[in-house]
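The primary structure of each chain is shown beneath.
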Amino acid sequence: MFAAAEIGLDERVTRFVGERHRLLIGGQWVDAATGKTFPVYNPASGEVIAQVAEGDREDIDRAVKAARRAFESGPWPRLTPSDRGRLVWKLGDLILEHLEELAELESWDNGKPIRVARAADVPLAADLFHYMAGWATKIEGNTISISVPYAPEARFHAYTLREPVGVVGQIIPWNFPLLMAAWKLGPALATGCTVVLKPAEETPLSALRLGELIQEAGFPDGVVNIVTGFGETAGAALAAHPGIDKVAFTGSTEVGKLIVQAAANDLKKVSLELGGKSPNVVLHDADLDLAVAGTASAIFFNHGQCCCAGSRLFVEESIFDKLVGGVADEAKKIKVGPGLDPNTQMGPMVSETQYNRVCGYLEAGLSEGAKAVAGGGKLSGKGYFVEPTVLVDTKPDMKVIREEIFGPVVAAIPFKELDDDVIKAANDTIYGLAAGVWTRDISKAHAVAGKLKAGTVWINCYNIFDAALPFGGYKQSGWGREMGHDAIDLYTQKKAVCAAL
Ligand code: NDP
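Residues numbered from 1 in each chain as written. Predicted model: local features only at pLDDT ≥ 70, side-chain atom pairs only at ≥ 80, totals over all residues. Heavy atoms only, no water.

Okay, the site of the ligand next. Taken together, 30 residues sit near the ligand, with Ile172, Trp174, Glu201, Ser252 and Arg357 positioned nearest. A distance of 2.8 Å is found between an oxygen atom of the ligand and a backbone nitrogen or oxygen belonging to isoleucine 172. Coverage of the ligand by the protein amounts to 90% of the 860 Å² it exposes when considered alone. When residues of the shell around the ligand are traced back to their parent elements, those giving at least two are α9 (231-240), β10 (246-250), α10 (253-264) and α13 (352-367). Class assignment of the residues belonging to the shell around the ligand gives a composition of 15 nonpolar, nine polar and six charged. (Near = heavy atom within 4 Å. Polar contact = N/O pair within 3.5 Å; in protein donor to acceptor, adjacent residues only side chain to side chain. Areas by Shrake-Rupley, 256 points an atom, 1.4 Å probe, with all protein chains shown as cover. Helix = DSSP H or I, 4+ residues; strand = E, 2+ residues; numbered from the N terminus. Nonpolar A, V, L, I, M, F, W, Y, C, P; charged D, E, K, R; others polar.)

Here you go:
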């Protein structure tokens, strides 16, 4: 089924990928109730590398019941915060111990360069668990002095408790499979919730391996359940299940809206991290070398398959040719190839569907009059490879400007000088996930940062992530913030307690 030896993978990776992949429900690895499986592909070749259990409504139901049991009874709710924190920390340690193995698995399944998986995806996932482990012992309420005007003589002792929100359904995408699992699981586990996780059908393997590490760390059965399957079946069943208290979703804005509808029936809590069309604004006084490297990496990192990709590049006219020429040169230098090749800087699109989608946007942009100063097409041969592309001569109403492409395609747009029109153009999108500004003038930098309608603004840098820094969207880029203290709020609810003295 797969030519592991040819690729030269760690023997643990080839053994794992070759195993039968089942669902993790109530601490047991089980086949889907229907017995069905679905194929997982290597996007660098289009070949099938594994078969994975195709979970559906019945499996989701079993997983939700297991998560409910684990939340209400058994060892999990009885653990001290300190014990819970230790388990979460241990999971972070196990990820680091298996760094090379997880990086290879991620690269093989998702197509991302192995060097990126090694340096970013896996260490960031471990760091997220280590960071969240500390929060387990720091979840606090307040004491509140109350006056109660209609009972002036009475005295009360009032305080708040922060309690876990309950059983959480988590649906994650394929662009950072292990890291997205960590962003979701870390705060849920630190706060004492239990989880049913549905990985993306394109990239289920690292989540399944993570499931094994969760068991090795010693989490009680049923605290984390993993159901692989399709979005329209398993994902939709999870979002609508009455036994779920909260749904946490990362993916397209389109599906985010379906999640909200599914959750509306019983008013589940919902948090969403959705799409983006992020502006990067470069002023004439920017450090040009820094801005070229930074704005190129803002779009080409992870093949542009980033919700926060800097896909609209606004450049002051006086430096437009130099800056855009520099970004185009960077694009042409990028070594595109299979993720597992150590020299690869950009891998394939994750799937045939995503490849066709990105190629469709390129065709639409070029046919509507945009010009490619780098790339502009697909690469011939096996696999889902697209050229890193820089477009100019775009118009504000073109599809490539309005819609999220989720590929290595940036549109460069000149502006005369920094004024309200530039900010208006940068904010002219339904999204508001991230933005960047490049200038040596700190006053202008902070003034622009204040005006950009985005959940994150980077100044003279881009794609800087940290477990302590909240991340999430304005407008249709989502609800709530992941990571940092905010993530603890997402997975807890406040109870006010009032005692008559
Ligand atoms: P989706 O939003 O469809 O997928 C994200 C997750 O949601 C996957 O686990 C998917 O399962 C699941 N899902 C799909 N449909 C439903 C549903 N009806 N109910 C519940 N869960 C569902 O993203 P795509 O993979 O289709 O990518 C399409 C576009 O979405 C991309 O081109 C990009 O623009 C955007 N996107 C944004 C991401 C982000 O980080 N914000 C990440 C990924 C994509 P399954 O994989 O089985 O379909």
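We are not done yet, so read on.
On to the pairing of strand β18 (residues 434-438). The element β18 is largely enclosed, with a buried count of five among its five residues. Burial along β18 is two-sided: the face carrying Ala434, Gly436 and Trp438 and the face carrying Ala435 and Val437 are both buried. Bridge count for β18 against strand β19 (residues 456-459) is four bridges, and the pairing is parallel. Residue pairing in the sheet places valine 437 in a bridge with isoleucine 459 of β19. (Buried < 20%, exposed > 50% of the residue type's maximum accessible area, 1.4 Å probe, protein only. Pairing = 2+ DSSP bridges.)

With that out of the way, let us pick up the sheet that holds β19. One open sheet holds the seven strands; their spatial order is β14-β15-β16-β13-β12-β18-β19, and the pairing between them is mixed. With one partner strand each, in any of the chains shown, β14 (371-374) and β19 form the two edges of the open sheet. The average undirected angle you get between the axes of adjacent strands in this sheet is 25°. (Axes fitted to C-alpha atoms, helices over the stretch in contact; angles between N-to-C directions.)

Here we take up the sheet that holds strand β6 (residues 156-164). Strand order across the open sheet formed by three strands is β5-β6-β22, with antiparallel pairing between neighbours. The sheet is open, and its two borders are formed by β5 (143-144) and β22 (492-500), each paired with just one other strand. Pairing of β6 with β22 involves nine bridges; the strand directions are antiparallel. Looking at β22, one finds that glutamate 163 is bridged to glutamine 493.

Let's shift gears to the environment of asparagine 42. Relative to the helices and strands, asparagine 42 is located in strand β3 (residues 37-42). For asparagine 42, the contacting residues outside a window of four places in its chain are Glu47, Ile49 and Trp108. (Contact = heavy atoms within 4.5 Å.)

Relative to each other, helix α11 (residues 288-300) and helix α12 (residues 317-333) sit at 50°, their axes nearing to 9 Å. When the axes of α11 and α12 are compared, the pair comes out oblique. α12 is crossed by α11, and the crossing has right-handed handedness. The segment α11 lies against α12, with Leu288, Ala291, Val292, Thr295, Ala296 and Phe300 engaging Ile319, Lys322, Leu323, Gly326, Val327, Glu330 and Ala331. Tallied by class, the residues present in the contact of α11 with α12 amount to nine nonpolar, two polar and two charged. (Parallel < 35°, antiparallel > 145°, perpendicular 65-115°, else oblique. Left-handed = near helix turned anticlockwise from the far one by under 90°.)

Moving on to the pairing of strand β8 (residues 194-198). Along β8, five of the five residues are buried, which leaves the element largely enclosed by surrounding structure. Side-chain alternation along β8 places Thr194, Val196 and Lys198 on one buried face and Val195 and Leu197 on a second face that is also buried. One ladder, built from five bridges, connects strand β7 (residues 167-171) with β8; its direction is parallel. By the bridge assignment, valine 168 is partnered in β8 with valine 195.

Our next topic: the nonpolar core. With 105 residues, the main nonpolar core has Leu185 and Phe219 as its most contacted residues. Excluding residues that lie within four positions of it along the chain, leucine 185 makes contacts with Phe129, Gln170, Val195, Leu197, Leu210, Ile214 and Val224. Within the second largest apolar cluster, 29 residues are counted, among which are Leu283, Leu362, Val400 and Ala435. (Core = buried A, V, L, I, M, F, W, Y, C linked by side-chain atoms within 4.5 Å.)

What follows concerns the pattern of salt bridges. By the definition in use, this model includes 21 salt bridges. Residue aspartate 31 is joined to arginine 20 by a salt bridge in which the shortest nitrogen-to-oxygen separation is 2.4 Å. Placement of aspartate 31 in the loop between β2 (28-30) and β3 and of arginine 20 in the loop between α2 (11-18) and β1 (23-25) is noted, with a sequence separation of eleven residues between them. Its relative accessible area of 59% is what places arginine 20 among the exposed residues. Across the salt bridge formed by aspartate 266 and lysine 268, the nearest N and O atoms sit 2.9 Å from each other. Its relative accessible area of 8% is what places lysine 268 among the buried residues. Linked by salt bridges that have partners in common, Asp10, Arg12, Glu101, Arg209 and Glu212 make up one network. (Salt bridge = Lys/Arg side-chain N within 4 Å of Asp/Glu carboxyl O.)

This part is about the environment of serine 311. Looking at where serine 311 falls in the secondary structure, it is placed in the loop between α11 and β13 (312-316). What makes serine 311 buried here is its relative accessible area of 8%.

Turning our attention to a negative patch on the surface. A surface patch of like charges, here negative, comprises Glu417, Asp419, Asp420 and Asp421. Within the fold, glutamate 417 resides in the loop between β16 (409-415) and α15 (420-426). Since its relative accessible area comes to 51%, glutamate 417 is described here as exposed. (Patch = residues over 30% accessible without salt bridge, like charges linked within 9 Å, V, L, I, M, F, W, Y side chains within 5 Å. Lys, Arg positive; Asp, Glu negative; His and termini not counted. Charge placed at Lys NZ, Arg CZ, Asp CG, Glu CD.)

What follows concerns the packing of helix α7 (residues 177-191) against helix α8 (residues 205-217). In the contact formed by α7 and α8, the axes pass within 9 Å of each other and the chain directions differ by 50°. The angle between the axes of α7 and α8 places the two elements in the oblique class. Between α7 and α8 lies a crossing whose hand is right-handed. Between α7 and α8, the contacting residues are Pro177, Leu178, Ala181 and Leu185 on the first element and Ser206, Leu210 and Ile214 on the second. Here the contact of α7 with α8 is built from residues that sort into six nonpolar, one polar and no charged.

Our next topic: the packing of aromatic side chains. Here the structure, examined in full by the defined rule, presents ten aromatic pairs. Pairing tryptophan 458 with phenylalanine 465 gives two aromatic rings, centres 5.6 Å apart and planes at 75°, and the pair type is edge-to-face. When its relative accessible area of 25% is taken as the criterion, phenylalanine 465 is described as partly exposed. Members of the aromatic cluster, joined through ring pairs, are Trp183, Trp458, Tyr462, Phe465 and Phe471. Over the ring of tyrosine 491 we find lysine 246, and its NZ or CZ is 4.9 Å from the ring centre. (Phe/Tyr/Trp six-rings, centres within 6.5 Å; stacked < 30°, edge-to-face > 60°. Lys NZ or Arg CZ within 6 Å of the ring centre and 35° of its normal.)

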